[in-house]
Amino acid sequence: MPNHAHIVFKHLSEQIKQEDNDYPITDIMASFKKFTARLCNKNLGRTGSPFWQGESFDHVVRDSDELQRVIYYTLQNPVKAGLANEWRDWPHSYCREEISSRF
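## Observations concerning the environment of Met29
Here Met29 shows up in helix H1 (residues 25–44). Classification of Met29 as buried rests on a relative accessible area of 18%. On a C-alpha basis, the gap between Met29 and Ser56 in space is 8.1 Å, while along the polypeptide they are 27 residues apart.

## A closer look at the confidence of the model for the protein
Taken as a whole, the protein shows an average pLDDT of 85; of its residues, 88% reach a score of 70 or greater. Looking at the elements of the protein, mean pLDDT is at its lowest for helix H3 (residues 97–100), recorded as 86, and at its highest for helix H2 (residues 64–80), recorded as 94.

## Things to note about the nonpolar core
Within the largest apolar cluster, five residues are counted, these being Ile71, Leu75, Trp87, Cys95 and Ile99. Those residues in contact with Leu75 that sit more than four places away from it in its chain are Trp87, Cys95 and Phe103.

## Some points on the layout of surface pockets
By volume, the largest pocket amounts to about 2,100 Å³. Looking at the largest pocket, it is lined by 43 residues, and the ones nearest its centre are Ala5, His6, Ile7, Val8 and Thr74. Among the secondary structure elements, those contributing two or more residues to the lining of the largest pocket are H1 and H2. Per element, the largest residue contribution to the lining of the largest pocket is eight residues, and it comes from H2.

## Digging into the packing of aromatic side chains
Scanning the model with the defined rule gives three aromatic pairs in all. Through a chain of ring-to-ring contacts, three or more aromatic side chains come together here, namely Phe32, Phe51 and Trp52.

## Observations regarding a nonpolar patch on the surface
Where nonpolar side chains cluster on the molecular surface, the patch consists of Ile7, Phe9, Ile25 and Phe32 and spans about 300 Å² of accessible area. Structurally, Phe9 can be placed in the segment before H1. Take Phe9: its relative accessible area is 36%, and that puts it in the partly exposed class.

## Re the side chain of Glu66
Within the fold, Glu66 resides in helix H2. Here the side chain of Glu66 touches Arg62 through a polar contact of 3.1 Å, landing on its backbone nitrogen. Aside from chain neighbours lying at most four places away, what touches Glu66 is His59, Val60 and Val61.

## Re the environment of Ser56
Mapped onto the secondary structure, Ser56 falls in the loop between H1 and H2. For Ser56 and Lys33, which are 23 residues apart along the polypeptide, the C-alpha to C-alpha distance reads 9.8 Å. Apart from the residues within four sequence positions on either side, Ser56 is in contact with Met29 and Lys33.

## Details of H1
For H1, which comprises 20 residues, the first-to-last C-alpha distance of 28 Å matches the rise-based estimate of 28 Å (1.5 Å per residue) to within 8%. Gly45 sits one or two positions beyond H1 and adopts a positive phi of about 70 degrees.

About the cut-offs
Residues numbered from 1 in each chain as written. Predicted model: local features only at pLDDT ≥ 70, side-chain atom pairs only at ≥ 80, totals over all residues. Heavy atoms only, no water. Helix = DSSP H or I, 4+ residues; strand = E, 2+ residues; numbered from the N terminus. Buried < 20%, exposed > 50% of the residue type's maximum accessible area, 1.4 Å probe, protein only. pLDDT = per-residue confidence, 0-100. Core = buried A, V, L, I, M, F, W, Y, C linked by side-chain atoms within 4.5 Å. Contact = heavy atoms within 4.5 Å. 1 Å grid on protein atoms, 1.4 Å probe; cavity = no way out; pocket = protein on both sides within 12 Å on 5 of 7 lines; lining within 4 Å. Points joined across faces, edges and corners; volume = space filled by probe spheres on them. Phe/Tyr/Trp six-rings, centres within 6.5 Å; stacked < 30°, edge-to-face > 60°. Patch = residues over 30% accessible without salt bridge, like charges linked within 9 Å, V, L, I, M, F, W, Y side chains within 5 Å. Areas by Shrake-Rupley, 256 points an atom, 1.4 Å probe, with all protein chains shown as cover. Salt bridge = Lys/Arg side-chain N within 4 Å of Asp/Glu carboxyl O. Polar contact = N/O pair within 3.5 Å; in protein donor to acceptor, adjacent residues only side chain to side chain. Expected span 1.5 Å × (residues − 1).

Shown next as structure tokens:
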């Protein structure tokens, strides 16, 4: 999306641990925003101003039905915004094949 991003991911804290750090969601998002902001600002030739808003909206998905709804909503965002006729047409969407084949 031109003015925001949606990310759906599985937190692997139960499977991956390093020195008792379970990578809380705030650390994951801070790292993601820092990394992507640098790249975006570099590509846009910008310096000195924040790229992302300070606050993120996060949501814990509690079951597989809700996960399906969240992924579908995320994939349909560029379609609802009139940026693509079908979510697969939006060049900035990515969804793993075993999941995207459901939509």
